[in-house]
Amino acid sequence: MNVTSESCGEVTVSFKKVKGASGYDIRYSSDENGTYKTIAITKNISYTHSFTSGSTGYYKVRAYRTVKGKKVYSAYSAVVFYTVKDNTFGSYTVTVRLPCSTDGSKTATCTDCGYVNTVAMSATGEHSYVYTVLSEATCTQNGSAAKVCSVCGKTKDETVLEATGHSYVSATTAPTCTEQGYTTYTCSVCGDSYVSDYTDVIAHNMSDEIVSAENGTHYTYCTNDGCDYCEYSDCEYVYSVVTASTETEDGTEYTHLYYTCSACGEAVETDTCRINMTNLTSDDLTALEGVAKLSTSGYKLTLTATKYIDNFELSGEAENITVSVDAYDDADIKLAGLSITNNDTANNDDCIRINNKCTDTDDTGEAIVPTVSVTANNGMENNLTVTASGGKGIQCETKLELKGHGTLNINTVSTSVNPRAKLDIKNITLNITSSGNRGIDTKLDITDESGNVTDTEYSNIAFGANATVIINSYEDGIRCKNMEFEAIDTSAGDTPSVLAIVSETGDAIQLEGKKGLTMYQGYVTLTGGKSTLNNKFGLDPVLYNEDIGLTSLVKN
């Protein structure tokens, strides 16, 4: 609501139109907390209220809507105070000359409404002079005083009142680590002020104490009063091993691996062994005794996990190293830019070898097979290179997962991936080149106590979401029992997996199971030297969604 007074004795109340309103109730009170009376019921959005010039008032308005013959009101607007515009008179004109001994009058006209105001002027006889200050002297401006006739206003003996000058009071602000010091001068009479006498900031006085902060950082702080400046640094962790109390059922003691910051002492307990494999030697893991074991055989180093620490994060470049994990429980090998080259052709060494040492059974007495995850870290390209004849990129006796939103490159002259239990591939780009054998081979020979092969088994392969697998092999691209492309959740952003295989002399895919190839969603391109899809039981692939399923099956 807006209240204005453009004419003497009139106030105009205006407000915005309310959609759907039938009219408006405008109320007025001379007291803000008094009784408000209706001065107008109108359909217009403005109203002019007339009353005595110079009067004050309080206004508020509410809209109403007529519903079935009854008025339904909105809440009142905020109260607005206003003073009615008073007459504005120019200079008075003397109608009759007015010496102090003669009656007369003077008139003035309101510049807004034209109202003429007449003031009678009575004769008073002799002038009655009173010493009067015409204008007060300030700190910077002269004033004036004179004798003024209290009847006719005649003045005489006018004098100058000299300016008094400023009376400044000073206040000093000390410098801090971030702001200069200064002195403020303020006049106690008129409030005028200025700042001068600046002094330089003082230096931070950093503490010797290093304080541990969150997210792997620490800081030192300024000890000067009122300063909250801190200097942050990333924690630099080193490995430390602490022998814990007996916690296993068989009384075996084991160790915890800590990352301890050498500066602030922040210790982070972990069940993961993070190792840079670059230029690794047998002396490098002395401090990890009990967490990981490093054994040497010629130029070959073998890293073996204990029963209680199965997780490794490996990075860097290494030659003639086999990462050997004894999987008692589910294990996780995270590859952070790892490159392993096994070029010792005499030993035929694998790059990663995972042994199933689990002796636990489920409720039915069946042996529990742990799951081992080989994870390619996000945004990093992970290279496994094997040049030894017969050496494998990954050999695993347990369930194997290849995952991690990264890239895993395997280049071998033997089988690149040799899982002995179910293989799951998801959320990864997997590039396999096998120049002398199969890309992925799940064959497992069953032997007797004498080591004679009595039977042969094959495990299954499952492709999950967001996997891209490219295989170039000399023999079969993949040999497994059954292969399944799992259904995915596209609403969660999952994309169908892609499989592209080129086999020089063998089958693109050789299936040994009765179920064969089952696809819910996925893209497959096969090129084989013998056949694209060799299903030993002669069954056709099962495609549950042909639009998204086997989109390209290239036959030679």
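The structure this text deals with has already been given above.
Let us look at the structure shown here. (Residues numbered from 1 in each chain as written. Predicted model: local features only at pLDDT ≥ 70, side-chain atom pairs only at ≥ 80, totals over all residues. Heavy atoms only, no water.)

A word on the nonpolar core
Part 1: Of all hydrophobic cores here, the largest spans 56 residues; its most connected members are I425, I478, M483 and L499.
Part 2: If one sorts the elements of this core by residue count, strand 29 (residues 331–342) sits on top with 5 residues.
Part 3: L499 has contacts with F463, V469, I478, M483, F485, I509, Y523, V524 and T525, leaving out every residue within four places of it along the chain.
Part 4: Counting residues in hydrophobic clusters, the runner-up holds 12 residues, among them V3, V11, V13 and Y24. (Core = buried A, V, L, I, M, F, W, Y, C linked by side-chain atoms within 4.5 Å. Buried < 20%, exposed > 50% of the residue type's maximum accessible area, 1.4 Å probe, protein only. Helix = DSSP H or I, 4+ residues; strand = E, 2+ residues; numbered from the N terminus. Contact = heavy atoms within 4.5 Å.)

Quick notes on the environment of N87
Part 1: Structurally, N87 is set in the loop between strand 8 (80–83) and strand 9 (93–94).
Part 2: Its relative accessible area of 22% is what places N87 among the partly exposed residues.
Part 3: Along the sequence, N87 and V116 sit 29 residues apart, while their C-alpha atoms lie 9.9 Å from each other.

Details of the packing of aromatic side chains
Part 1: All chains considered together, the criterion is met by 9 aromatic pairs.
Part 2: When the centroid spacing of 5.2 Å and the interplanar angle of 50° are considered together, the rings of Y28 and Y59 count as tilted. You can see Y28 sitting in strand 3 (residues 23–29) and its partner Y59 sitting in strand 6 (residues 56–67), a full 31 residues away along the chain.
Part 3: Overall, the relative accessible area of 17% leaves Y28 in the buried class.
Part 4: Residue classification places Y59 among the buried positions, given a relative accessible area of 0%.
Part 5: An aromatic cluster is present here, built from Y168, Y185 and Y194 joined pairwise through their rings.
Part 6: Directly above the ring of Y36 sits K60, whose terminal nitrogen or CZ lies 4.4 Å from the centroid.
Part 7: Across the ring face of Y64, the terminal group of K71 is positioned such that the distance to the ring centre comes to 4.5 Å. (Phe/Tyr/Trp six-rings, centres within 6.5 Å; stacked < 30°, edge-to-face > 60°. Lys NZ or Arg CZ within 6 Å of the ring centre and 35° of its normal.)

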